[in-house]
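# Inside the fold
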Amino acid sequence: MRSFLLLSLAVVCALIATVQAGQNWAVLVAGSDGFYNYRHQSDVCHAYQVLKKKGIPDSNIIVFMKDDIANNPQNRHPGVIKNTDNGENVYPGVPKDYTGEDVTPQNFLNVLLGKDMNGVGSGKTLKSTSEDRVFIFFSDHGAPGLVAFPGKMLYAKDLIQVLTQMSKEKKFDQLVFYLEACESGSMFNKLLSDKLRIYATTAANPFESSYACDYNSEERAYLNDCYSFNFINDTEAVDVQKESLSEQFDVIKALTTQSHVCRYGDLSIAKQPIGNFLGNSFKYNYNGLFNRQRPVPAPKGTANRKGISSRDVKMDWLVRQVSAANDVYERTYFEKELAAHKRDQDVADTIFGAFSDAFELHKVREAREIRLNGSNDDRCTSDNAVDVDCIKSSVEEFEDACGKVNEASIKYVAYIRDACEAKVPSQIMGEQFKKTCSLLNH
Ligand SMILES: *[C@@H]1O[C@H](CO)[C@@H](O)[C@H](O)[C@H]1NC(C)=O
Ligand SMILES: *[C@@H]1O[C@H](CO)[C@@H](O)[C@H](O)[C@H]1NC(C)=O
């Protein structure tokens, strides 16, 4: 009898220990600013609402966003951010942890490492332990080996280093990272070890752009990014204890038809229910015992929701604003913005046309096409990792010589990747940039 009681007590304690072990944490980041980039902050706001609904408390959700959309003079419905046509306002209640000037790569990395934020923003920082699950969602522009923050870049080199350090310092049991950006696969491909207990999915492979969806002429903005909305809407709709990360991956992949959704890292994590990361269900179920019916993929060549390459959004958006302008003042304003953006594009075309010629980069691109032709993994993992050191130092050379990477030039970071692949030293690239840009400035 006595031993039975003791045994029962032990079982109860073990159960309590299982149930109480660990917490869920989430870090949500929109890396852009400006009304034409409405969708990134909208994605993050909607993701916040869903995670909260699925049980993660505000104390454990850390939000980075410029916060220049809801009350932007161009917002026709002040205080309102929508993530889908006829959707709810996703802005109310979103924590303003890091807004405005505090949305920086360094603050993001410091938060991940759980550093004391010393009065910056809300000061909220990741206090996760070796028993906790961490979910990170980032939505913004990107390029090979980097993703953008307002006016600054977060390089793959630094992100991978910090994720590795977090893993070493046991800042999580497991971590899941969802990344929306152009060429986002390049942030993880052959860089993210499968030993770190990190599982990542990306909106695009290392060689293509990601897509914006749902232009809304009432809000006058693209409301969401296709991949981001597909995962957020799915999470909102399902029982998060009954769908696995792997099943969700299949759903997102089937719905995101214009880019190739990829995954990296420790894929065994994907057997768990999404609620272990995008909620607080925290079931220790590693067996993938889920059987949600698979969505039927859209027939080849058709999109479930028609998107536009993120690279083209600014131009498209400005053209739409010119034609939707209510009066001559508005029209003139947007015409000027459009002309300025076209000038930026011409400048970027000139700089990188000369750059490509100087280092014969067409040869690198042709060799890649031959090398990757017929690869059957959507090009997610079929090529080598980007040279993270070379990309970081060469983009810095570019910025020194020609000014900040902008909405027009970011697509040409792919050329810098190609020059790195051809083993052109950063300093030589820098000299080439100086040559072209000093001519342009005269
Ligand atoms: C969002 O998810 C619901 C439930 O799965 C679905 O009915 C709806 O069509 C989705 N919305 C969009 C815009 O795809
Ligand atoms: C790729 O392979 C296909 C079939 O093997 C061939 O027809 C095509 O020309 C190749 N493309 C390139 C760029 O090498």
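Residues numbered from 1 in each chain as written. Chains lettered and ligands numbered in written order. Predicted model: local features only at pLDDT ≥ 70, side-chain atom pairs only at ≥ 80, totals over all residues. Heavy atoms only, no water.

### Notes on the pairing of strand β7 (residues 174-180)
As a reminder of what qualifies: Exposed residues in this analysis have more than 50% of their type's maximum accessible area, buried residues have under 20%, and partly exposed residues fall in between, with area computed by a 1.4 Å probe over protein chains only. The helix count covers DSSP runs of H or I at least four residues long, the strand count covers runs of E at least two residues long, and both are numbered beginning at the N terminus. A strand pair is defined by DSSP finding two or more bridges across the two strands.
Within β7, seven of the seven residues are buried, which leaves the element mostly enclosed by the surrounding structure. Neither face of β7 is open: one carries Gln174, Val176, Tyr178 and Glu180, the other Leu175, Phe177 and Leu179, and all of them are buried. In this sheet, β7 lies alongside strand β3 (residues 133-139) in parallel orientation, the contact comprising seven bridges. When the bridges of β7 are listed, phenylalanine 135 appears paired with valine 176. Sheet topology note: the β7/strand β8 (residues 198-202) ladder contains five bridges and is parallel. By the bridge assignment, leucine 175 is partnered in β8 with isoleucine 198.

### Section: the environment of leucine 163
Put simply, the rule is: Here a residue-residue contact requires only that any non-hydrogen atoms of the pair lie within 4.5 Å.
Along the chain, leucine 163 falls in helix α4 (residues 156-168). Taking the C-alpha atoms as reference points, leucine 163 and leucine 113, 50 residues apart in sequence, are found 8.6 Å from one another. Ignoring anything within four residues of it in the chain, the contact list for leucine 163 reads Ile136, Phe172, Leu175, Phe177, Phe188, Leu192 and Ile198.

### Thoughts on the pattern of salt bridges
Charged atoms that come close allow side chains of opposite charge to pair. As a reminder, the rule being used: When a carboxyl oxygen of Asp or Glu lies within 4 Å of a side-chain nitrogen of Lys or Arg, that pair is called a salt bridge.
With the rule as written, the count across this model stands at 27 salt bridges. The salt bridge partner of arginine 197 is aspartate 173, with a shortest N-O separation of 2.7 Å. Placement of the pair is arginine 197 in the loop between β7 and β8 and aspartate 173 in the loop between α4 and β7, with a sequence separation of 24 residues. In this structure, the salt-bridge partner of glutamate 399 is lysine 404, at a minimum N-O distance of 3.8 Å. Judged by relative accessible area, glutamate 399 falls into the buried class, the value being 18%. In this structure lysine 404 comes out as exposed when scored by relative accessible area, which is 52%.

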